[in-house]
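# Topology and contacts: notes
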Amino acid sequence: MTRRWAVAAAVLWTALGAPRPSRASGPGAGEPAYSSGSGLFTCQVPPGWHAFEETEPTGSAVHLLGPDDPAGVYRAGLDIHFVDGSLARAQPMKAAIEFLRRQDKLAQRQSTQVKRVSSGRGLARVFEVWETLFLPPDLAPSVEARVHHYVAVIESGSDYFVIRLSSSEEVYLDFRDDFLRLVKTFRVKGG
């Protein structure tokens, strides 16, 4: 009798629209799904990362703060920028990729070649950038730090998303799988 009651309660609970636990599989299984407040995308984010969203001149942005750097110099962070291609101030996607990959001898900035990686229902253009920064910027005393960025650009019609995971060079490999999981699970709403 108890088993029948439990089954009936579960059926009733589901019929009333109670949330069901997700049965995720594949990349990101077991990690929290994130849906942007703007309703533009969903993706899997690393557990324990704290998100906030803001409006920018060319669209919206989601920022996620990661774990503290053991050296205390640069905290890992993930930024997801939506660029509205219909705005006059928005760069075309190809120009944005060239700008993000530009070399700079003063900052010892260098980048890898662009690779294509499957993302949601499309392709992402992915590359890496290294640069030397003085942290904290505009304050003295500052410390010279080598910073690494994983970057993905995902097209959505005339719009696009720029995803960047930044961390100190010493720990960037610790975040590689998190970045690739986010890119592979990134889905543009309606896309």
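Reference entry: report on the structure contained in this document.

Cut-offs applied
- Residues numbered from 1 in each chain as written.
- Predicted model: local features only at pLDDT ≥ 70, side-chain atom pairs only at ≥ 80, totals over all residues.
- Heavy atoms only, no water.
- Helix = DSSP H or I, 4+ residues; strand = E, 2+ residues; numbered from the N terminus.
- Buried < 20%, exposed > 50% of the residue type's maximum accessible area, 1.4 Å probe, protein only.
- Polar contact = N/O pair within 3.5 Å; in protein donor to acceptor, adjacent residues only side chain to side chain.
- Contact = heavy atoms within 4.5 Å.
- Pairing = 2+ DSSP bridges.
- Axes fitted to C-alpha atoms, helices over the stretch in contact; angles between N-to-C directions.
- Core = buried A, V, L, I, M, F, W, Y, C linked by side-chain atoms within 4.5 Å.

Looking at the element boundaries, His81 is found in strand E5 (residues 77–83). Judged by its relative accessible area of 18%, His81 falls in the buried class. One polar contact links His81 to Glu56, side chain to side chain, over a distance of 2.8 Å. With residues near it in sequence (within four places) discarded, His81 still touches Glu56, Ser60, Ala61, His63, Tyr160, Phe161 and Val162.

Turning to the sheet that holds strand E2 (residues 41–44), a few remarks are in order. If you trace the three strands from one edge of the open sheet to the other, you get E1-E2-E11, paired in antiparallel fashion. Since the sheet does not close on itself, it has two edges, and those belong to strand E1 (33–35) and strand E11 (187–188), each with one partner. Taken together, the two bridges between E2 and E11 define a ladder with antiparallel strand orientation. Along E11, the bridge assignment pairs Thr42 with Arg187. The strands that helix H3 (residues 176–185) touches are E2 and E11; relative to E2, the one it contacts most, it runs at about 145°.

A few words now on the nonpolar core. Core analysis: the largest hydrophobic core is formed by 30 residues, its most contacted members being Ile80, Ile163, Phe179 and Phe186. Residue assignment for this core shows that the elements contributing at least two residues are E2, strand E4 (59–65), E5, strand E8 (122–135), strand E9 (143–156), strand E10 (159–168) and H3. Of the residues forming this core, the biggest block, four residues, is contributed by H3. Aside from chain neighbours lying at most four places away, what touches Ile163 is Leu78, Asp79, Ile80, Tyr150, Val151, Ala152, Ile154, Phe179, Leu182 and Phe186. Judged by nonpolar contacts, the second largest core, of twelve residues, contains Val83, Ile97, Val129 and Val162.

With that settled, consider the pairing of strand E3 (residues 50–56). Pairing between E3 and E4: seven bridges, direction antiparallel. Following the sheet pairing, Glu54 is matched in E4 by Ala61. Connecting E3 to the antiparallel partner E4 that follows it, the hairpin turn spans two residues.

Another point: the environment of Leu182. Looking at the element boundaries, Leu182 is found in helix H3. Leu182 sits 148 residues away from Tyr34 along the chain, and the two C-alpha atoms are 9.9 Å apart. For Leu182, the contacting residues outside a window of four places in its chain are Cys43, Gln44, Val45, Leu78, Ile80 and Ile163.

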